[in-house]
Amino acid sequence: MRLYDCAASANGYKLRHVLSWLGRPYELIPVDIFAGESHTPDFLRHKNPAGRIPVLEPEPGRFLAESNAILLFLTADTSLLPRDAFERAQVHQWLFFEQNCVEPNIGTARFWVLTGRARLHHPDVLRVRVEAGRAALTTLERHLQHEDFLVGGRPTVADIGLYAYAHLAPDVGLALEDFPAVSRWLARVKAQPGHIGALAPYPANAMVSAT
Ligand SMILES: N[C@@H](CCC(=O)N[C@@H](CS)C(=O)NCC(=O)O)C(=O)O
């Protein structure tokens, strides 16, 4: 099994996290997305027509993109994906929420801030993303005030999917102290076996210069 990935990607982090949690061996194929390696004709034709990582190659010649689709594929038939249809749908609920409300806001704002792209936009553009990220954390806080994990009172792949960008919120100025139930949940997920530690920083070729 191969994972096409970039060490600075939090979408990729989800997959490295779940693969470590499940103890599944894999070959990591680094893709320099900042040098255009995910937009070559071969990558677009065979790996992901969207030109993005992460991409999983579970067997030679079959490629799957979209981090949360890959999470669901990797956890099928494991204890991280509930067998009960309703609980499974709740896992989907949180993974859709992640792609709709968390990743495009906290993830995009963080990318802009940490690579110098924030200054290329009107300040309101960044502010809107950060405030939408705050709203997403508020949603999580409301749910986690009453739950130890997102679904069914035990760790599932939903926790892995949501952990990736939620734990990075401080990078865009969203203090986790303002979200105590989210903070306790992040610590609970981090304490599970297979935790992989910090995400790599953006590489030098991701940065935009000040001039
Ligand atoms: N919704 C996708 C987003 C993937 C994505 O945005 N990947 C970024 C890195 S985190 C990427 O490959 N960017 C390169 C590009 O768009 O050219 C997922 O969850 O996998």
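In this text, all values refer to a predicted model and were calculated from it rather than measured experimentally. (Residues numbered from 1 in each chain as written. Predicted model: local features only at pLDDT ≥ 70, side-chain atom pairs only at ≥ 80, totals over all residues. Heavy atoms only, no water.)

Novice: Please set out the UniProt feature "domain: GST N-terminal" (unreviewed entry) in the protein chain residue by residue, giving values where relevant.
Specialist: The sites that carry the UniProt feature "domain: GST N-terminal" (unreviewed entry) are, in the present numbering, residues 1–82. Helix makes up 35% of residues 1–82 and strand 21%. Its end C-alpha atoms lie 24 Å apart. (UniProt positions renumbered as here; feature names shortened; annotations may be inferred. Helix = DSSP H or I, 4+ residues; strand = E, 2+ residues; numbered from the N terminus.)

Novice: Give me helix H6 (residues 157–166): which residues, what numbers.
Specialist: Judged by how many residues are buried, H6 sits mostly within the fold: ten of ten residues are covered. When H6 is considered as a whole, its buried residues turn out to be Val 157, Ala 158, Asp 159, Ile 160, Gly 161, Leu 162, Tyr 163, Ala 164, Tyr 165 and Ala 166. Looking at the buried positions of H6, the neighbouring elements they touch are helix H1 (10–22), helix H3 (67–75), helix H4 (85–115), helix H5 (123–144) and helix H7 (180–190). (Buried < 20%, exposed > 50% of the residue type's maximum accessible area, 1.4 Å probe, protein only. Contact = heavy atoms within 4.5 Å.)

Novice: Run through the side chain of Glu 57, naming residues and quoting values.
Specialist: Position of Glu 57 among the secondary structure elements: in strand E3 (residues 55–59). According to the relative accessible area criterion, Glu 57 is buried, its value standing at 7%. A distance of 2.9 Å separates a polar side-chain atom of Glu 57 from the backbone nitrogen of Gly 61. In contact with Glu 57, not counting residues within four places along its chain, are Met 1, Arg 2, Tyr 4, Arg 62 and Phe 63. (Polar contact = N/O pair within 3.5 Å; in protein donor to acceptor, adjacent residues only side chain to side chain.)

Novice: Before we move on, could you go through the nonpolar core and cite the residues and values that matter?
Specialist: Core analysis: the largest hydrophobic core is formed by 48 residues, its most contacted members being Trp 94, Leu 137, Leu 140, Leu 150, Leu 162, Val 182 and Trp 185. Of all elements in the fold, only H1, H3, H4, H5, H6 and H7 reach the threshold of two or more residues within this core. No other element matches the eight residues that H6 contributes to this core. Summarising the domain contributions, this core has at least three residues from each of domain 1 (2–78) and domain 2 (85–190). Setting aside anything within four residues of it in sequence, one finds Leu 150 in contact with Trp 94, Leu 140, His 143, Leu 144, Ala 158, Asp 159, Leu 162 and Trp 185. Judged by nonpolar contacts, the second largest core, of ten residues, contains Ile 53, Val 55, Ala 65 and Tyr 202. (Core = buried A, V, L, I, M, F, W, Y, C linked by side-chain atoms within 4.5 Å. Domains from an automatic or database assignment.)

Novice: Tell me what's going on with the site of the ligand, and back it up with residues and numbers.
Specialist: Close to the ligand lie 13 residues, the nearest being His 39, Ile 53, Glu 66, Ser 67 and Gln 99. Side-chain polar atom of Ser 67 to an oxygen atom of the ligand: 2.6 Å apart, as the coordinates give it. Within the side chain of Gln 99, a nitrogen or oxygen atom sits 2.7 Å from a nitrogen atom of the ligand. Classifying every residue of the shell around the ligand gives three nonpolar, seven polar and three charged. (Near = heavy atom within 4 Å. Nonpolar A, V, L, I, M, F, W, Y, C, P; charged D, E, K, R; others polar.)

Novice: Tell me about H1, and name the residues and values.
Specialist: Between its first and last C-alpha atoms H1 spans 18 Å; for 13 residues at 1.5 Å apiece the expected length is 18 Å, and the two agree. With eleven of 13 residues buried, H1 lies mostly within the body of the structure. Of all the positions in H1, only Ala 10, Asn 11, Gly 12, Tyr 13, Lys 14, Leu 15, Arg 16, His 17, Val 18, Leu 19 and Trp 21 are classed as buried. Of the surrounding elements, those touching the buried residues of H1 are strand E1 (2–5), H3, H4, H6 and H7. Measuring from the side-chain oxygen of the N-cap residue of H1 to the backbone nitrogen of Asn 11 gives 3.2 Å; that N-cap residue is Ser 9. Of the residues flanking the end of H1, it is Gly 23, one or two places downstream, whose phi is positive at about 65 degrees. (Expected span 1.5 Å × (residues − 1).)

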